[in-house]
Each structure stands twice: as C-alpha cells, then as structure tokens.
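Letter by letter, the chains look like this.
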Amino acid sequence: IRKQKLIPKAQYGGRHAVTMLPGGGIGPECMGYVRDIFKYIGAPVDFEVVDIDPNVDNDDDVQYAITTIKRNGVGLKGNIETKSEAAYVTSRNVALRNELDMYAYVLNCKSSGNIETKSEAAYVTSRNVALRNELDMYAYVLNCKSFPGVSTRHKDIDITIIRQNTEGEYAMLEHESVRGVIESMKVVTASNSERVARFAFEFAKKNGKKKVTTVHKANIMKLSDGLFLETSRRLAKEYPEIEHNDMIIDNCCMQLVAKPHQFDVMLMTNLYGSIVSNVVCGLLGGAGLLSGRNYGDHYAVFEPGTRNTGTAIAGKNVANPIAMINASIDMLEHLGHHYHAELLRRAVHRTVNEDRVLTPDCGGTASSTDVVNSIIGNIGHVGH
Ligand code: ADP
Ligand code: MG
C-alpha cells in the first residue's frame, strides 16, 4: 500500500530530487557526510537544501521547506531547532501570531492582573511538529534491530515501533484558560487512530511480523487512549493471522528493559512513541544509530530515530553519523534505488559490525570522519 500510494514525484532522467533539511546541532555535518557518500557511490539523487534559521521568528523558511517536500515527495531531515523563548506560531493565521506577541508582552509586564483568556492561542508549535502535521505524515516507523558490533545488555532485538505522528499529546493545543492554569489538549480521533492502526497491521502483514502490541494508558485516559485501543482491537479482527495484544505504557517500559524479546510490532500514540523510541534506541546503543521514517499518504521524510539535535557535540567530529546515513539508506530504498541502498547498507554493516569502527557513544574511539572514511573504504569491498 505504502509503495503504491507514495510515488516519488520529482524525477528527471532517472534522478530524484529530495528536500534536505539539515536542521541544527549535528544536522549539517551529518548531511555533509551523506552528500560525500552519495557522490562517491553515484547515487542518483539531487538534494534541494533548505536551511531554517531558528532565530527568525516567522515561518517563511518552514513554509518553503513544506512546499519543496510537496514538490519532491521526499525529504531527508535533521532536527530543526525552535527557540523556546520565541514561541512559534504556524502560518495558519499570521494575524493571530501578531496578536499573540502583543499579548505575551503585556502579560509579562504585569505583576498581577485580570483574569484573561487566550482561547485563540491554538497553534503554538515546534517547527518539526508543524512540518509533520502540514504534510499529514500520520505514521512514524522506527525499525529497531540490534547491531551485532555494538555491545549491549540484550542481543538480537528486532522491534518495530509504529507511532501516531500528528496528534495525541502533540496536538499543540495549549492555552492559559485562567491565570496560572494551563490546559493542554490531547486529541485522539477515530480516523487517525484507524489510519495508523491499519498502517501497523499492514506493515506487520507485509513484513512477516507475528504480533502487534498496542501500548496505551486507557485505564486512566479512558476516552482518548480508550478510543485508540478499541480502534486497534477492532482492526485486529481484520488480520486474524497476526496476534494482537495490548500493554499499559508504564508496564511496557519495564518489560522493554527487562524482557524486550517479547515485542514485535508496537503501536502507540505520539508521546508514548517518543519515549518508547528512546528507550529502545538506548537498548540498542544510543541516539546515533537508528533511523526513523515519517509517512503520510503522499509524502515521506527520513531522519535519525531519536530526533536529537546534538547541540553539545556539534562541530567536534564526535557525533555518530550512522543514524543519518541509515536514514539516507531508507530514503534510497523508498525511491526505488535498491542497488545503491544495498551497497551502502552492506558497507555500514561492515564498518559497524565487523570492523567495529565506532564513535564514543557506542563505546569506540573513532571520530565521525573515521566512520565515514571506513564506510567509503568498505563500499569498494562490498561493491563487487
Ligand atoms: P535533544 O535534541 O532532544 O535536546 P540532545 O541533542 O541533547 O537531545 O541529544 C540527547 C543525547 O544524545 C545527548 O547526550 C547527545 O550528545 C546524544 N546524541 C544525539 N545524537 C547523537 C549522535 N548522532 N551521536 C552521538 N551522540 C548523540
Ligand atoms: Mg537538543
């Protein structure tokens, strides 16, 4: 289903145009490595680079990025910074943003004041969230497969996390209803719950997975998580060949660190997905290895699995480049460039699992560029 619907759009003479969003922190250096490697292997991809300046508090850059992804169909992305003090408001209503800025200024200058409402303060959002929402990329897929060359507590983990990617706790509907009272809405809709659940079961079916576990807190959030859980139970009946169970999020975290092998495909809402993704990345060797995929019916964006910025390690030649390189392999695969994807996958496998050229986050002493040079060296070995 995914492949049929998601036909990459811009293709000229067998080449694909892809939007590259380096983002902040280690994003730009990791993108540089991807470009070097793509040049070396002759990958038929032309990157359209869009830099988003975190210090500019209008949304022109983000809107431009969205436009180019709509044109190209595909993006490769680092983590975009949103300066927390400059609460960012999406393009849905420029007037609203201006009014909000004035409102915030007045509020800061009063020591005490009237009871005020900000009922319209609806769309204050992170740029990363805005991008995913506007492109309606409702499903996030994180394949978590152990790397034999990275020593970890548990071996041979193979879990796929499927996360609702556009609503839930990330609805970004926060407001101060009364002074000192913030309300944040968690939005769960039947239609998005159904889309992502179907995505999970279809994924399981196509990839020979045996089981889907829905992760939730429906014992407390009876309506919102209840709807998500009930929807997945209903869809499970359409897939009798796939076992379905469910688990409460807190127990799930304990089970993951203690007995991770019981999990196969995991399905959950947005915030649980973020947390569980990081737990599993931690089990497999940290933030620098895994890649994640954002899918909607029309667009796909590939990025490092934990969505970290890595600000503290930027520019030091210590960041693990593997997560972004794996994201670029996912992207090549999605575009149908199977030869180049496989070539790069085998070279990465050799570097990480056989030669064990690893950065400090994985217990090694190699620099980022050592890892990249090892991969480039291995391309010659695996290519023939
Ligand atoms: P966030 O973007 O969520 O604020 P950070 O950027 O602080 O998270 O990243 C979380 C942790 O993961 C930090 O300790 C950071 O150094 C580490 N990290 C993130 N990406 C990488 C990477 N590619 N290689 C090595 N360490 C990384
Ligand atoms: Mg950060």
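Residues numbered from 1 in each chain as written. Chains lettered and ligands numbered in written order. Predicted model: local features only at pLDDT ≥ 70, side-chain atom pairs only at ≥ 80, totals over all residues. Heavy atoms only, no water.

Enquirer: Outline the overall build of the chain, supporting the account with residue identities and numerical values.
Expert: For the chain, the count of helices and strands is twelve helices and 13 strands. Expressed as a percentage of its 384 residues, the buried residues of the chain come to 54%. For the chain, contacts bridging at least 24 residues in sequence account for 78% of all contacts bridging at least 6. Total accessible area on the chain stands at roughly 17000 Å², and carbon and sulfur atoms take up 54% of it. (Helix = DSSP H or I, 4+ residues; strand = E, 2+ residues; numbered from the N terminus. Buried < 20%, exposed > 50% of the residue type's maximum accessible area, 1.4 Å probe, protein only. Contact = heavy atoms within 4.5 Å. Areas by Shrake-Rupley, 256 points an atom, 1.4 Å probe, with all protein chains shown as cover.)

Enquirer: Describe in detail the environment of Arg-15, supporting the description with residues and values.
Expert: Note on placement: Arg-15 falls in strand β2 (residues 15-21). Separated by 64 residues in the primary sequence, Arg-15 and Asn-79 place their C-alpha atoms 26 Å from one another. Of the polar contacts made by the side chain of Arg-15, one reaches the side chain of Asp-46; its length is 2.9 Å. (Polar contact = N/O pair within 3.5 Å; in protein donor to acceptor, adjacent residues only side chain to side chain.)

Enquirer: Lay out the environment of Ala-204 in plain terms, naming residues and giving numbers.
Expert: In this fold, Ala-204 is placed in helix α6 (residues 190-206). A residue is classified by how much of its surface remains accessible, and Ala-204, at 0% relative accessible area, is buried. Once the C-alpha coordinates of Ala-204 and Glu-243 are considered, the two residues, 39 residues apart in sequence, prove to be 10.0 Å apart. When sequence neighbours within four positions are dropped, the list of residues in contact with Ala-204 reads Lys-209, Val-212, Ile-242 and Val-265.

Enquirer: A description of the state of the cysteines should follow, citing residues and the corresponding values.
Expert: As enumerated under the stated definition, the model contains zero disulfides in all. Distance from the sulfur of Cys-362, which forms no disulfide, to the nearest cysteine sulfur (Cys-281) is 11 Å. Overall, the relative accessible area of 9% leaves Cys-362 in the buried class. (Disulfide = S-S within 2.5 Å.)

Enquirer: An account of the nonpolar core is needed here, citing residue identities and associated values.
Expert: Among the nonpolar cores identified, the biggest contains 86 residues, and Leu-76, Met-266, Met-331, Leu-344 and Ile-375 are the most heavily contacted of them. Per-element tally for this core: the top contributor is helix α10 (residues 322-335), with eight residues. For Ile-375, the contacting residues outside a window of four places in its chain are Ile-37, Ile-322, Ile-325, Leu-344, Ala-347, Val-348 and Thr-351. Among the nonpolar cores identified, the runner-up in size contains 13 residues, and Val-50, Ile-52, Met-137 and Tyr-299 belong to it. (Core = buried A, V, L, I, M, F, W, Y, C linked by side-chain atoms within 4.5 Å.)

Enquirer: Quick one: what's the story with the packing of aromatic side chains, residue by residue and with numbers?
Expert: Per the stated rule, a full pass over the model turns up four aromatic pairs. Look at Phe-38 and Phe-47: their rings are 5.6 Å apart centre to centre, the planes differ by 35 degrees, and that puts the pair in the tilted class. Residue classification places Phe-38 among the buried residues on the basis of a relative accessible area of 4%. Each ring, one from Tyr-295 and one from Phe-302, has its centre 6.2 Å from the other, and the planes form 90 degrees; the classification is edge-to-face. Across the pair, Phe-302 and Tyr-295 agree in class, each one buried. (Phe/Tyr/Trp six-rings, centres within 6.5 Å; stacked < 30°, edge-to-face > 60°.)

Enquirer: Any chance you could break down the pattern of salt bridges for me, citing the residues and the numbers?
Expert: This model, assessed by the stated rule, comprises 18 salt bridges. Of the charged contacts, one joins Lys-217 and Asp-250 as a salt bridge, the two residues approaching to 2.6 Å between their closest N and O atoms. Of the two residues, Lys-217 is situated in the loop between β9 (211-216) and α7 (224-236) and Asp-250 in helix α8 (residues 249-258); the sequence distance between them amounts to 33 residues. Across the pair Arg-233 and Asp-246 runs a salt bridge whose closest N-O atoms are separated by 3.0 Å. (Salt bridge = Lys/Arg side-chain N within 4 Å of Asp/Glu carboxyl O.)

Enquirer: So what about helix α12 (residues 368-382)? Which residues, and what values?
Expert: Compared with an ideal rise of 1.5 Å per residue, which puts 15 residues at 21 Å, α12 spans 21 Å between its outermost C-alpha atoms and is within 8% of the ideal. As for α12, its buried residues are in contact with α2 (27-41), α10 and α11 (338-354). (Expected span 1.5 Å × (residues − 1).)

Enquirer: Outline the site of ligand 1, supporting the account with residue identities and numerical values.
Expert: Residues in close proximity to ligand 1 include Ile-26, Ala-287, Gly-288, Asn-308, Thr-309, Gly-310, Thr-311, Ile-313, Ala-319, Asn-320 and Asp-361, which together make up its full environment. Asn-308 places a polar side-chain atom, nitrogen or oxygen, 2.9 Å from an oxygen atom of ligand 1. For ligand 1, whose unbound accessible area comes to 550 Å², protein coverage reaches 58%. A per-class count over the shell around ligand 1 returns four nonpolar, six polar and one charged. (Near = heavy atom within 4 Å. Nonpolar A, V, L, I, M, F, W, Y, C, P; charged D, E, K, R; others polar.)

Enquirer: With reference to specific residues and values, describe the side chain of Asn-72.
Expert: Turning to its location among the elements, Asn-72 is positioned in helix α3 (residues 60-72). By relative accessible area, which is 2% here, Asn-72 ends up buried. A distance of 2.9 Å separates a polar atom in the side chain of Asn-72 from a polar atom in the side chain of Glu-48.

Enquirer: Got a sec to walk through the pairing of strand β4 (residues 74-77)? Specific residues and values, please.
Expert: Burial along β4 is two-sided: Val-74 and Leu-76 facing one way and Gly-75 and Lys-77 facing the other are all buried. Where β2 meets β4, three bridges bridge the pair, whose relative direction is parallel. Among the inter-strand pairings, Leu-21 is bridged to a residue of β4, identified as Lys-77. Alignment of β4 against strand β13 (residues 300-304), held across three bridges, turns out to be parallel. Bridged to Leu-76 within β13 is Phe-302. (Pairing = 2+ DSSP bridges.)

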